[in-house]
Amino acid sequence: MNSSGGALSAIPIALALAALFQGGCVPKVGPGVADPVERLEGDGPVLELTYMGTGGWIIRRGDEAVMGAPLFSNPSFVRVGLAPIEADTSTIDRMMDRFDARDTRAILIGHSHYDHLMDVPRVAARHVPDARLIGGRTTQNLLGHWSGVMDRVDLVDDHVADQESAGSWMSYGGRLRVLPLRSNHAPHFVGMELYAGTADRPRTEPPGTAAEWLGGETYAFLIDFLDEDGG
């Protein structure tokens, strides 16, 4: 967030947003609101944060917005462990209709487990058809030829910041840019990450079980909303 002449502080907001989009899975909490849960005001446009459930957020400033990949299907614990799972398109559509997703420039995908990626094809195709998908190689390959959105994935490979590289910004819409940060997935239990691994070639059909939604590469994201002059 650029804070020139305003009350919004770039560093605290940037760190807070980076924390929101850490790649680790979080406990599932169903969406309870469809309105912004936070509004940060300064001299420029208001920054709005709207929680969508699980890892889903819409972060908007003026007419620019970015989305964290939501999960609405929420298969049961038993199904995740023992049975096939799939996106519940009717639930996705019903829940997405509650939110103001207009002007969404990009969906941020921190890693590729089912609770971050399974609902993305429906969200992207039906509800934010102009948004780009920002993620890693495994994300792109799991979406594959079957999803209809593989060609909308912007790979972070050449942009990632880590201990050895400052990385480079990925720009969207003129006043929004995203910096991918190399991260690690938190262990699920006793130091282990479930469904780890990478997908090395595009799939021709959707993953059928939770175990087939491999975690892949893990990223956090730094979001920067720019002023009209691009500063």
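Thresholds, definitions, all that
Residues numbered from 1 in each chain as written. Predicted model: local features only at pLDDT ≥ 70, side-chain atom pairs only at ≥ 80, totals over all residues. Heavy atoms only, no water. Salt bridge = Lys/Arg side-chain N within 4 Å of Asp/Glu carboxyl O. Helix = DSSP H or I, 4+ residues; strand = E, 2+ residues; numbered from the N terminus. Buried < 20%, exposed > 50% of the residue type's maximum accessible area, 1.4 Å probe, protein only. Core = buried A, V, L, I, M, F, W, Y, C linked by side-chain atoms within 4.5 Å. Contact = heavy atoms within 4.5 Å. Axes fitted to C-alpha atoms, helices over the stretch in contact; angles between N-to-C directions. Parallel < 35°, antiparallel > 145°, perpendicular 65-115°, else oblique. Left-handed = near helix turned anticlockwise from the far one by under 90°. Nonpolar A, V, L, I, M, F, W, Y, C, P; charged D, E, K, R; others polar. Patch = residues over 30% accessible without salt bridge, like charges linked within 9 Å, V, L, I, M, F, W, Y side chains within 5 Å. Areas by Shrake-Rupley, 256 points an atom, 1.4 Å probe, with all protein chains shown as cover.

A. How the structure looks around the pattern of salt bridges. As enumerated under the stated definition, the model contains 14 salt bridges in all. A salt bridge links Asp93 to Arg122; its shortest N-O distance comes to 2.6 Å. With Asp93 in helix H3 (residues 89–96) and Arg122 in helix H5 (residues 120–127), this residue pair connects regions lying 29 residues apart in the sequence. Judged by relative accessible area, which is 12%, Asp93 ranks as buried. Between Asp224 and Arg177 there is a salt bridge; the shortest N-O distance is 2.9 Å. With a gap of 47 residues between them, Asp224 in strand E10 (residues 219–225) and Arg177 in strand E9 (residues 176–182) connect regions that are remote in the sequence. Given the relative accessible area of 9%, Asp224 is considered buried.

B. Inspection of the nonpolar core at higher detail. Within the largest apolar cluster, 32 residues are counted, with the highest numbers of intra-cluster contacts made by Met67, Met96, Ile107, Tyr114 and Leu133. Elements supplying a minimum of two residues to this core: strand E4 (64–68), H3, helix H4 (114–117), H5 and helix H6 (137–143). Apart from residues lying up to four places away in sequence, Met96 is in contact with Met52, Met67, Phe72, Ala101, Val123 and His127. Counting residues in each nonpolar core, the second largest holds 19 residues, with Ile59, Val66, Ala106 and Tyr219 among its members.

C. Representation of the packing of H3 against H5 within the structure. The interhelical angle for the contact between H3 and H5, taken along N-to-C directions, is 55 degrees, at an axis separation of 10 Å. The angle between H3 and H5 places the two elements in the oblique class. In this structure, H3 meets H5 at a crossing whose hand is right-handed. Between H3 and H5, the residues in contact are Thr89, Ile92, Asp93 and Met96 and Arg122, Val123, Arg126 and His127, respectively. Of the residues that constitute the contact of H3 with H5, the class distribution is three nonpolar, two polar and three charged.

D. Spatial organisation of a nonpolar patch on the surface. A surface patch of nonpolar side chains, about 380 Å² in accessible area, is lined by Phe189, Val190, Met192 and Leu194. By the secondary structure assignment, Phe189 is in the loop between E9 and E10. With a relative accessible area of 42%, Phe189 lands in the partly exposed category.

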